[in-house]
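Below, each chain spelled out in residue letters.
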Amino acid sequence: MLRGFDAEHGQDIAVSLMGLPLNQPSHIHGQGYLDLGFLIPEVVSSLRVTEGVYDPTQGDFAVAGSVDLRLGVARRGVTAKVGYGSFGTLRVLGLWAPEDARDETFAAVQFRRSDGFGQNRGGMNGSALVQYGFGSGPWRYRLLGMLHGSRYDAAGVLRRDDVERGRVGFYDVYPDATATAQNGFAARALLGFEATHRSASGANGAVGLWLGFDDFRIQQNFTGYTERSMFEPDWVGRGDLIEQQNRTTSLGLHARHRTAPYRPASWLEGTLELGVQARLDQIDQAQNLIQAPQNETWDQRVDARVRGLDLGAYLDLDWTLAEVLTLRGGVRADLLYYDIDDRLGNFIPRFRRDSFIVGFRRSAAGVAVGPRASAVVEPIEGLSFTLAYGEGYRSPQARTLEDGEDAPFTKVRSADLGARWRLDEHLDLRLAGYWTKLDDDVAFEPREGRLERIGPSRRLGGVLYALARPIEGVTAAVSVTYVDAELLEPPPASAEDPQPAYDEGQSLPYVPPWVVRADVGGERELVDLGAHALRGRVGAGYTFLSPRPLPFGEEAAPIHLLDASASVGWGPVAVGLEIYNLLDRRYAALELTYPSYWDRSAPRSRLPHRHTAAGAPRTLMATLEVTL
Amino acid sequence: MLRFTLSAALLLLVACVADTGAGFVEVPVRVSGTELAPFEARDGWVVTLERADVAVGPFYFCAAEMAGDLCETARGEMLESVVIDGLDPSAREVGAMLGIEGTVRSAMHDYGLSWELTETAPRATEGAEALGGHSLVLAGVAERGEAQVRFEAAVDVVPNRAGVITVRRSLDTHELVEGDALEVRVDPRPWLEDVRFDLLAEKADEEGEPVAFEVDEQPWRAVVVGMTAGSRPELRWAEAAR
């Protein structure tokens, strides 16, 4: 959750790995779909979070902001780590960071399996991340490879009235085959190469090339037994088990050059950067209804191939005046091209006589141009004020485009006003107010199991962030975000949707107005034990999400979670314990409101009902780590 | 103390939650029949009804102009089916309809026999079960001149395919709000007006035993058509003070 944007499916936060984009355009499950399951936390050296859309380098999906994951391993050597905990969870990590190489060079592999809490949540995944940095002098090179695979069972959602009546347990799955067959599968490969150059004058640049493959398949049933086959209308009641498949093959490149600092006057200094980012994607996607347990296909909803090209270029100016005022600004333009082979387009219902062959091939193109500007004033050392405005975009789901349509980008307009006060190393305070307007927001649609457009929205809010190091070895941080998120103009009632779930001016669904996160951690030497000292580390984190508005006037319950961790280390050996949801609070990680039909012994209800997916109960994980 | 302060602060923050859109309402449902004097059918027989119990429900109320496929999400519903004494004009509260505030433009309902998507055949809900698994149970006498025929009927009105609701109809547009009430009134007279009592008279014996409506014969079909396409139950809103 960032600034009132729910990043669950990745559609509103652009995430990259060492500059390589991770969001998936035109994904069947959700535009900008993002799966970070491949990450190995031990090799993430830092996160570069850019809130808002004020940086010309930010491209597609940078709506709430962007995050770049930086990889590196400071502790060199060979590390083996084993963790075992609740619900039969096992995690094994192997990490090699050659001592004679730079931090960016490492190879890591992890495997994880778990029975999962409650019922039907078992799964396993594995990933390998390898990065090799080489070269010396002005030219440096970096090669990055990633491989990931995962498969897991899913319990899906439960109707709250079924849980309250005891028909099904809060952490259970419906016993029906169509529910127990819910699962997910993902496989991904990413290969990137980048060459960077830095001259003695300060000019610098980079050029990179990357190749990606992503395979996604999921089976989910949100609605029970409500669907009728489009192909054969007498095929009904076989369970609304939606199968979504998405395979994307991508080729991308990026290049940038920043000039050496230009000093036309003693009080004025600045640089200019020009950059280009491009990607070509081929996406094969399908959505079917299948009947468990044999997975017989009983309806086809999507069968399409999309080829997309995104060509973005930007100009970025970065100037400082009298070391007090820093102005940064520029412009970015993205051209998007789509070639769509919609093999179920112009579908012919069974009752109509064929007069053509089913299919709808089409192409579309569009351009998104947006200015970006920010000003930072630092009147006295440690105190600064920021003013920023930017326009970004989110690319469209290609299948929604008509032939020759000027591809309707979702335009995002964002403005910030903030202040920062840094009191030496002990205190860092930030306060920012923000305004963001999207001309087409999205929300999850359970009947289709994917994100759908819900019209323009506006978010107005503020963020308070404080970081304190009151005494040596202790760090505390708190972040409080408020957002007033309003749906400005939801799709009006139509013949196809006479009863839209959303009203004009209502709060945006699923967005909690308040989000609080507080962390405190401490580390110190406990006792000197000869060759090495025994070091201890403790930490705790608290998360609060205020009630989230749901469709049809409903509201999800607030969430409070407390996590804790502790570890001791002696030289090459460390043992630790991590506890998630320490207070074992029962909460719904996901709440949705829509009609469903699960109790086949009763007449079908067509009213929207509350559905929940359970959040994890108290989960313990003990770890043993050895580094040689 | 710290905990209290924190809780109070969070409570204050939560109080700032904005408008979440239309809310749920519960609407009482009242049913009634019609005080029926002897009436003349189209073929001249004068009919006196002695029993006319009909199972009605489940009910769905929709925002679409026409109920049916466009009513996957209903504006309101009462899932129970109930028995209405078609000859008792006094209103009787039988339960409540749960709904969402907003516009209602159409409705659909079964006559106690429903066919869900997951079933291979229609089944009786509680209203029909109370009538022995039927939608309508009738008894009465028809007279023309000196001739007299006693009759009885147990009629099943079943959906024609799985997932379909038997009666779908438009209604006058209504804004559903808390405090409204739904009134369901049935009038059995039109259901019998097209029955050809001559055909029943031909089957009557001398002992005066009641003649039953046989499935798919004209009297039976006339009643089914009357219930589904002719005179369907009247659905009326008793509006809350606005």
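Nothing here was measured: the structure is a model prediction, and the numbers come from that model.

Novice: Honestly, the overall build of chain A in this entry has me stumped. Any pointers?
Specialist: In terms of regular secondary structure, chain A is built from two helices and 30 strands. For the C-alpha atoms alone, the extent of chain A along its principal axes is close to 80 × 60 × 45 Å. In chain A, which comprises 628 residues, the share counted as buried stands at 50%. The long-range fraction of contacts in chain A, counting pairs at least 24 apart against all pairs at least 6 apart in sequence, stands at 65%. As displayed, chain A offers around 27,500 Å² of accessible surface, 59% of which is attributable to carbon and sulfur atoms.

Novice: Before we go on, may I ask you to explain the pattern of salt bridges in this structure?
Specialist: Should their charged atoms come close, side chains of opposite charge can pair. What the rule picks out here adds up to 62 salt bridges over all chains. Between D68 of chain A and R70 of chain A there is a salt bridge, and its shortest N-O distance comes to 2.5 Å. The exposure class of R70 of chain A is partly exposed, given its relative accessible area of 30%. Taking the shortest distance from any N to any O, the salt bridge between R236 of chain B and E183 of chain B comes out at 2.9 Å. With R236 of chain B in strand β16 (residues 234-238) and E183 of chain B in strand β14 (residues 181-185), this pair connects stretches of sequence that are 53 residues apart. Where salt bridges share partners, they join R48, D55, R256, R258, E273, D316 and R328 of chain A into one cluster.

Novice: Just to check I follow, could you spell out the interface of chain A and chain B for this structure?
Specialist: Much of the literature gives interface size as the accessible area that the parts lose upon coming together. With 44 residues of chain A in contact, the opposing surface of chain B contributes 41 residues. When chain A packs against chain B, close to 3,500 Å² is buried across both sides, 57% of that on carbon and sulfur atoms. When residues of chain A are sorted by the area they lose upon contact with chain B, Q499, R606 and L607 of chain A head the list and together hold 22% of the total. The interface formed by chain A and chain B includes two salt bridges. With a closest N to O distance of 3.3 Å, D234 of chain A and R161 of chain B form a salt bridge. Where chain A touches chain B, the interface holds 13 residue pairs in polar contact (both at pLDDT 80 or more). The residue inventory of the side of chain A that touches chain B, partitioned by class, reads 20 nonpolar, twelve polar and twelve charged.

Novice: Is there a simple way to think about the state of the cysteines in this case?
Specialist: A covalent bond between the sulfur atoms of two cysteines is referred to as a disulfide. Residue and element names in this part refer to chain B. The final tally for this structure, using the stated rule, is one disulfide over all chains. With a sulfur-sulfur separation of 2.1 Å, C62 is cross-linked through a disulfide to C71. Given an S-S torsion of about -95°, the disulfide between C62 and C71 has left-handed geometry. One exposure class covers both C62 and C71, and it is buried.

Novice: Teacher, can you tell me more about the confidence of the model for chain B here?
Specialist: Close inspection of predicted coordinates is inappropriate for parts of the model with low pLDDT. Across chain B, the average pLDDT comes to 87, with 90% of residues at 70 or higher. Low pLDDT (under 50) marks residues 1-20 of chain B, which in the prediction has 24 contacts with non-local residues, meaning those over four places away or in another chain.

Novice: Help me out: how do you make sense of the side chain of R394 of chain A in this one?
Specialist: Residue and element names in this part refer to chain A. Following the sequence through the fold, R394 ends up in strand β19 (residues 383-394). A distance of 2.5 Å separates the side chain of R394 from the side chain of D12, its partner in a polar contact. In this structure the side chain of R394 is engaged in a polar contact, spanning 3.3 Å, whose partner is the backbone oxygen of D440. When sequence neighbours within four positions are dropped, the list of residues in contact with R394 reads Q11, D12, Q31, D60, F61, V63, F409, T410, L438, D440, D441 and V442.

Novice: Just to check I follow, could you spell out the sheet that holds strand β10 (residues 158-159) of chain A for this structure?
Specialist: Backbone hydrogen bonds are what pair the strands of a sheet, in a parallel or an antiparallel way. All names here are of chain A. Strand order across the open sheet formed by three strands is β10-β29-β28, with antiparallel pairing between neighbours. Either end of the sheet is taken by a strand with one partner, and the two such strands are β10 and β28 (588-594). Bridge analysis of β28 against strand β29 (residues 609-614) gives six bridges, and the strand direction is antiparallel. Each bridged residue has a counterpart across the sheet, and for E591 the counterpart in β29 is T612.

Novice: What is the right way to look at the packing of aromatic side chains in this model?
Specialist: Two aromatic rings, taken as a pair, are described by how far apart their centres are and by the angle between their planes. All chains considered together, the criterion is met by 19 aromatic pairs over all chains. What links up through ring pairs into an aromatic cluster is the set Y132, F134, W139, Y141 and F193 of chain A. A cation sits over an aromatic face here: R459 of chain A above F5 of chain A, 3.6 Å from the ring centre. For R606 of chain A, the ring lying beneath its charged end belongs to Y60 of chain B, and the centroid distance is 5.0 Å.

Novice: Can you help me understand the environment of G32 of chain A in this one?
Specialist: Residue and element names in this part refer to chain A. For G32, the location among the structural elements is in the loop between β2 (20-21) and β3 (44-51). Taking relative accessible area as the criterion, G32 reaches 0% and is therefore assigned buried. For the pair formed by G32 and A14, sequence separation is 18 residues and the distance between their alpha carbons is 8.1 Å.

Calculation criteria
Residues numbered from 1 in each chain as written. Chains lettered and ligands numbered in written order. Predicted model: local features only at pLDDT ≥ 70, side-chain atom pairs only at ≥ 80, totals over all residues. Heavy atoms only, no water. Helix = DSSP H or I, 4+ residues; strand = E, 2+ residues; numbered from the N terminus. Buried < 20%, exposed > 50% of the residue type's maximum accessible area, 1.4 Å probe, protein only. Contact = heavy atoms within 4.5 Å. Areas by Shrake-Rupley, 256 points an atom, 1.4 Å probe, with all protein chains shown as cover. Salt bridge = Lys/Arg side-chain N within 4 Å of Asp/Glu carboxyl O. Buried area = accessible area lost by both parts, 1.4 Å probe. Polar contact = N/O pair within 3.5 Å; in protein donor to acceptor, adjacent residues only side chain to side chain. Nonpolar A, V, L, I, M, F, W, Y, C, P; charged D, E, K, R; others polar. Disulfide = S-S within 2.5 Å. pLDDT = per-residue confidence, 0-100. Pairing = 2+ DSSP bridges. Phe/Tyr/Trp six-rings, centres within 6.5 Å; stacked < 30°, edge-to-face > 60°. Lys NZ or Arg CZ within 6 Å of the ring centre and 35° of its normal.

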